[in-house]
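A closer look at the structure
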Amino acid sequence: MLHFSRLKIFFISLTILIGLFFFIPNFLNTPSKIFPEKKVVLGLDLQGGSYLLLEVDSKPLFKEKIDTKAFDIRKKIRSERINYTNFKINNSQTISFQINLENKNEIEKLLNNKDINSRVDETNKELQFVINDNIVNINFSAAYLQRIKKNAMEQSLEIIRSRIDELGTREPTIIAQGEERILIELPGIKNPKRIKEIIGTTAKLSFKFLANNDANSNSFDILDSKSRLEKFNVEKTLVLSGEHLTDAQPGFDNINNSSVVNFKLDNFGAKKFAYATKNNIGRRLAIVIDNQVVSAPTIRDAITAGSGQISGGFSVEEANNLAIVLRSGALPAPMSIIEERTVGPDLGQESIDKGIMSLIIGFVLVIIYILINYRILGIFANISLLVNLILLLGTLTLIEATLTLPGIAGIILTVGMAVDANVLIYERIKEELLIEKNIMIAFDNGYKRVLTTLLDANITTLIAAIVLYFIGSGPVKGFAVTLAVGIITSLFTTFILGRLFVASYVKSKKGGVIKI
Amino acid sequence: MFNIYNKNISFLKFYKQFYLLSFLLIVISFISFFSNGLNLGIDFKGGTVIEMQFDKKYSATNIREALIQQELGDVKVKEFGNSQTFLAIFEKKSGKSDFIPNVKTQLEKSLTETINFRRVEMVGPKISKELTKSGIYAVLIALILMLFYIWLRFEWQFSLGSILALLHDVILTLGAFSIIGFEFNLSIIAAILTIVGYSMNDTVVIYDRIRENLKKDDKSDLLDLINISVNETLPRTLKTSITTLLALIAIYFFGGEILRGFSFALIWGVIVGTYSSIFIAAPLILIFNVKRDWNEVIDKTP
């Protein structure tokens, strides 16, 4: 145990050098030619920033789809001249209606038609239906709902990405989590208000005429104005939807002294818009975004240029935001924030300062205690401890682990616990020295006998750290990583490096008296 | 001061008394746990936490009253570190993107102060349920894995003994949190797992020594043998606990408010863990009456 071959010493030195190589850049302010640029990644709780977890709410999307499907089915039945009664949608899930028994086969055929009921994949179709006596019940199949959800998720992810990109945020992380969640990490953001507004807007844009005074109450919806002060009767019939927008830019309206958003339409949109405006001069066209009437200008002329302006008493920022969300397109389904953690940069810096302060104090306290207890061997233990710190931080930098505030606590805890290995070894050697007169053998036995204990004891803590890593989230994960890496580096520094020191010391004494 | 190298301290002589003590502590923990419950943080309860900073000294009562007007459900406001910084915790959470900005605007308006929201955490009900579940799973899975590891490496008596000692530590820690009322959040789960690891570490060192002595000696009284083992490992047990405590005390006093509950849990855990290794885990081997004939095993064990 006390013999180290040259090769071994070489590898021990190499390990420490590699550790140093990755450790040092953390303290360099300017990039150097010798060292890599990589620094340890600071968690959002240390560098400041926002963590947002969004959930896609698919229910409105399912409702929309079933409404459209119901409309198509009804149209089809009518065109086939089949009698039906009591056509309704239950719970936004099931379309049901009654037919005459003799039409059963026709309906079945119609509902198996690929125009109405397309294939989702090899085994599944879009709809599943049951005909009980004369009652027809139609549902979306689970596979189809799954696909809607999946598509919505993919689209949302893309749209959220492009919206955040437009804001020019520094290194955002935007990833899907599970089937219906999107995780966003925005380092360095002081106030996530604007980002939240931009990702929280579905931005479903539509143009619809206001209903005439004599209109049937079934033909319009009553919608709030943006300010929620007014209510508008908006026709259900859609003139044009936001899909046909090709561009949207913020602008300024000098006459009304307010910000506006100018938009351009694609060919189809322009034609449809021209046609609709030409035939409805004098009526008010409502611009509806997410079920709120932003404005409802009166049509004075046919709009044929394929472009237009949305004014709604916007501030400059509101107009900018609206332009961004309209450009990126509407989210297929509304999203809500189900978890948010935001830390301001000043608090982050304070946490770093306090973390480093307590690390230094803890470290000094431990070093003094060890020196008092083990004197010369204590120096070796303390050097190992210092190297352990270097290796730990170096490894964290190398594997690009995120250092969080609990992570710093983990490092300090590791300092305390790394000493454990030294204590175990030295106490064991003390005992061995009582029985064994030959110092070399006593030291050798000490190291040999303590190894299993050392491994058993550290593996149990490692188990805790690994479980924590897989189950914990965010800052806790950071803690788990430092704890796990710390256990491994401390085993190396105490059992291998520390032993090398002790071995050279013992050999230099050539069997003389050693007091611990 | 007594000498930790004196090998004759009768730790096991009074083990029944210590069991009684631990039993009482566990009962107290349970009573507090079921009557007071834990002061669950938003991680597990859902809700919103805002750490806010004022330009000058301010009063928590004013902030609280202003927040109550906003109908945010149950509102708690307390000083956080100094009298310019406060922690506001309230029940309401919202998926709407303008929720927090609105709270801020209204609060600044009603207090006529500029306020720096240094930290905002909002946890929705779904997430808090998931976090609770994963927290419980984490502790259970870690316990089971350790049980399994110790069972692989030792006899079943050791495995059972160490797990009982761990449960003892976890219960007393939960009890302490319930009595003192420190906020119980995700980082406390991390702390509990670390305690579990640490206490296991402590127990393993003592058990290892008991096993070693059992192999050397199959004649002397089991109680004496365990007692000697505890004595032999005592210097290590105490010194390691002291160094770990030194490091933890540094975090507790200098690490800032956010780490206070976390470092408290660890400090408490190290003390309880050290106690349980000596006074709970070791005597359990006596109670379980571990086998004395270790001749076969000697060859197999590394």
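Everything numeric in this text was worked out from a predicted model, so none of it was measured.

1. Comments concerning the side chain of Glu340(A)
- Relative to the assigned elements, Glu340(A) resides in strand E18 (residues 335-343).
- At a separation of 2.8 Å, a polar atom in the side chain of Glu340(A) contacts the side chain of Lys196(A).
- The contacts of Glu340(A), once residues within four sequence positions are left out, are Ser50(A), Tyr51(A), Leu52(A), Pro192(A), Lys196(A), Ile100(B), Val120(B), Glu121(B) and Met122(B).

2. Remarks on the domain arrangement of chain A
- By the assigned domains, chain A splits into domain 1 (6-47 + 345-509), domain 2 (59-145) and domain 3 (205-338).
- Each of domain 1 of chain A and domain 2 of chain A was reduced to a C-alpha centroid, and the two centroids are 67 Å apart.

3. Focus on the pairing of strand E2 (residues 47-53) of chain B
Residues and elements named next belong to chain B.
- Of all 7 residues making up E2, 6 are buried, and the element is well covered by its neighbours.
- Bridging between E2 and strand E5 (residues 116-123) involves 7 bridges; their strand directions are antiparallel. Considered in E5, the bridge of Glu 51 is made with Arg 119.
- Where E2 meets strand E4 (residues 82-90), 6 bridges bridge the pair, whose relative direction is antiparallel. Residue Gln 53 lies in a different strand from E4, and its bridge partner there is Thr 85.

4. A few points about the environment of Ala70(A)
Residues and elements named next belong to chain A.
- By the secondary structure assignment, Ala 70 is in helix H3 (residues 59-79).
- For the pair formed by Ala 70 and Val 41, sequence separation is 29 residues and the distance between their alpha carbons is 52 Å.
- When near neighbours in sequence (up to four residues on either side) are disregarded, Ala 70 contacts Phe 87, Ile 89 and Ile 95.

5. Concerning the pattern of salt bridges
- One pass over the full model with this rule turns up 39 salt bridges over all chains.
- One salt bridge connects Glu180(A) with Lys126(B), and the closest N-O pair in it is separated by 3.8 Å. Of this pair, Glu180(A) sits in the loop between strand E7 (173-177) and strand E8 (181-187) while Lys126(B) sits in helix H5 (residues 125-153), each in a different chain.
- Across the pair Glu350(A) and Arg118(B) runs a salt bridge, and its minimum N-O distance is 2.4 Å. Taken together, the residues span two chains, with Glu350(A) in helix H9 (residues 345-398) and Arg118(B) in strand E5.
- Taken together, the shared-partner salt bridges in this structure form one network comprising Glu339(A), Arg341(A), Asp346(A), Glu350(A), Lys354(A), Asp43(B), Glu51(B), Arg118(B), Arg119(B) and Glu121(B).

6. Thoughts on the interface of chain A and chain B
- Every contact between the two is made by 66 residues of chain A and, on the other side, 69 residues of chain B.
- Contact with chain B buries area across many residues of chain A, yet Arg341(A), Tyr369(A) and Asp456(A) alone supply 10% of it, more than any other trio.
- The tally of links from chain A across to chain B stands at 12 salt bridges.
- Arg341(A) is the partner of Glu121(B) in a salt bridge, and the nearest nitrogen-oxygen pair spans 2.6 Å.
- Summed over the shared surface of chain A and chain B, the result is 22 residue pairs in polar contact (both at pLDDT 80 or more).
- Mapped by element, the contributors of at least two residues to the side of chain A that touches chain B are strand E2 (49-56), helix H6 (193-200), E18, H9, helix H10 (405-435), helix H11 (439-471) and helix H12 (475-509) of chain A.
- When the residues that make up the side of chain A that touches chain B are grouped by side-chain class, the tally is 32 nonpolar, 14 polar and 20 charged.
- Pairing of E18(A) with E5(B) involves 5 bridges; the strand directions are antiparallel.

7. Here we look at the packing of H11(A) against H5(B)
- It is at 9 Å that the axes of H11(A) and H5(B) come closest, and there the two elements cross at 155°. Comparing their axes, H5(B) and H11(A) come out roughly antiparallel. For the element pair H11(A) and H5(B), the recorded crossing hand is right-handed. In contact with Thr452(A), Leu455(A), Asp456(A), Ile459(A), Thr460(A), Ile463(A), Ala464(A), Val467(A) and Ile471(A) of H11(A), H5(B) contributes Ser134(B), Tyr137(B), Ala138(B), Ile141(B), Ala142(B), Leu145(B), Met146(B), Tyr149(B), Ile150(B) and Arg153(B).

8. Some remarks on the sheet that holds strand E12 (residues 240-241) of chain A
All names here are of chain A.
- Spatially, the 6 strands line up as an open sheet ordered E11-E10-E16-E15-E9-E12, and their pairing is mixed. Across the chains shown, the open sheet's two edge strands, defined by having one partner strand only, are strand E11 (231-235) and E12.
- Bridge count for strand E15 (residues 285-289) against strand E16 (residues 292-295) is 3 bridges, and the pairing is antiparallel. When the sheet's bridge partners are listed, Ile 287 is paired in E16 with Ser 295.

9. A closer look at the packing of aromatic side chains
- Counted under the stated rule, the structure contains 36 aromatic pairs over all chains.
- With a centroid separation of 5.3 Å and 90° between ring planes, the pair formed by Phe33(B) and Phe34(B) is classed as edge-to-face.
- Arranged with centres 6.5 Å apart and planes meeting at 80°, the rings of Phe90(B) and Phe99(B) form a pair that is edge-to-face.
- Residue class for Phe99(B) comes out buried when judged on its relative accessible area of 8%.
- Members of the aromatic cluster, each reached through a chain of ring pairs, are Phe44(B), Phe177(B), Phe182(B), Phe184(B) and Phe264(B).
- For the cation-ring pair, Arg499(A) lies above Tyr447(A), with the distance from its terminal atom to the ring centre recorded as 5.8 Å.
- For the cation-ring pair, Lys104(B) lies above Phe117(B), with the distance from its terminal atom to the ring centre recorded as 5.8 Å.

10. Thoughts on the environment of Ser83(B)
- Its place among the elements puts Ser83(B) in strand E4.
- For the pair Ser83(B) and Ile141(B), spaced 58 residues apart in sequence, the C-alpha to C-alpha distance is 42 Å.

11. Some remarks on helix H4 (residues 104-112) of chain A
Residues and elements named next belong to chain A.
- The set of residues buried in H4 consists of Ile 107, Leu 110 and Leu 111. Burial along H4 is one-sided: seen end-on, the buried residues are contained in an arc of 95°. In H4, the exposed positions angled more than 90 degrees off the buried face are occupied by Asn 105 and Lys 109.

12. Some remarks on the nonpolar core
- Counting 150 residues, the largest nonpolar core has Leu396(A), Tyr426(A), Phe443(A), Phe158(B), Ile210(B) and Ile226(B) as its most contacted members.
- Ranked by residues supplied to this core, first place goes to H9(A) with 18 residues.
- Not counting chain neighbours up to four residues away, the residues in contact with Ile210(B) comprise Phe158(B), Leu225(B), Ile226(B), Ser229(B) and Ile285(B).
- Among the nonpolar cores identified, the runner-up in size contains 66 residues, and Leu52(A), Phe140(A), Phe54(B) and Val77(B) belong to it.

13. Concerning a nonpolar patch on the surface
Residues and elements named next belong to chain B.
- Residues Phe 148, Trp 151, Leu 152, Trp 156, Leu 160, Leu 164 and Leu 167 make up a contiguous nonpolar surface patch of roughly 710 Å² in combined accessible area.
- At the level of secondary structure, the elements contributing two or more residues to the nonpolar patch comprise H5 and helix H6 (156-180).
- Sorting elements by how many residues they give to the nonpolar patch places H6 first, with 4 residues.
- Here Phe 148 shows up in helix H5.

14. A look at the packing of H9(A) against H10(A)
Residues and elements named next belong to chain A.
- As a packed pair, H9 and H10 sit with axes 7 Å apart at the nearest point and diverge in direction by 10°. Considered as vectors, H9 and H10 are oriented roughly parallel to each other.
- In terms of residue class, the contact of H9 with H10 is built from 22 nonpolar, 6 polar and 2 charged.

What counts as what
- Residues numbered from 1 in each chain as written.
- Chains lettered and ligands numbered in written order.
- Predicted model: local features only at pLDDT ≥ 70, side-chain atom pairs only at ≥ 80, totals over all residues.
- Heavy atoms only, no water.
- Helix = DSSP H or I, 4+ residues; strand = E, 2+ residues; numbered from the N terminus.
- Polar contact = N/O pair within 3.5 Å; in protein donor to acceptor, adjacent residues only side chain to side chain.
- Contact = heavy atoms within 4.5 Å.
- Domains from an automatic or database assignment.
- Buried < 20%, exposed > 50% of the residue type's maximum accessible area, 1.4 Å probe, protein only.
- Pairing = 2+ DSSP bridges.
- Salt bridge = Lys/Arg side-chain N within 4 Å of Asp/Glu carboxyl O.
- Buried area = accessible area lost by both parts, 1.4 Å probe.
- Nonpolar A, V, L, I, M, F, W, Y, C, P; charged D, E, K, R; others polar.
- Axes fitted to C-alpha atoms, helices over the stretch in contact; angles between N-to-C directions.
- Parallel < 35°, antiparallel > 145°, perpendicular 65-115°, else oblique.
- Left-handed = near helix turned anticlockwise from the far one by under 90°.
- Phe/Tyr/Trp six-rings, centres within 6.5 Å; stacked < 30°, edge-to-face > 60°.
- Lys NZ or Arg CZ within 6 Å of the ring centre and 35° of its normal.
- Arc of directions from axis to C-beta.
- Core = buried A, V, L, I, M, F, W, Y, C linked by side-chain atoms within 4.5 Å.
- Patch = residues over 30% accessible without salt bridge, like charges linked within 9 Å, V, L, I, M, F, W, Y side chains within 5 Å.
- Areas by Shrake-Rupley, 256 points an atom, 1.4 Å probe, with all protein chains shown as cover.

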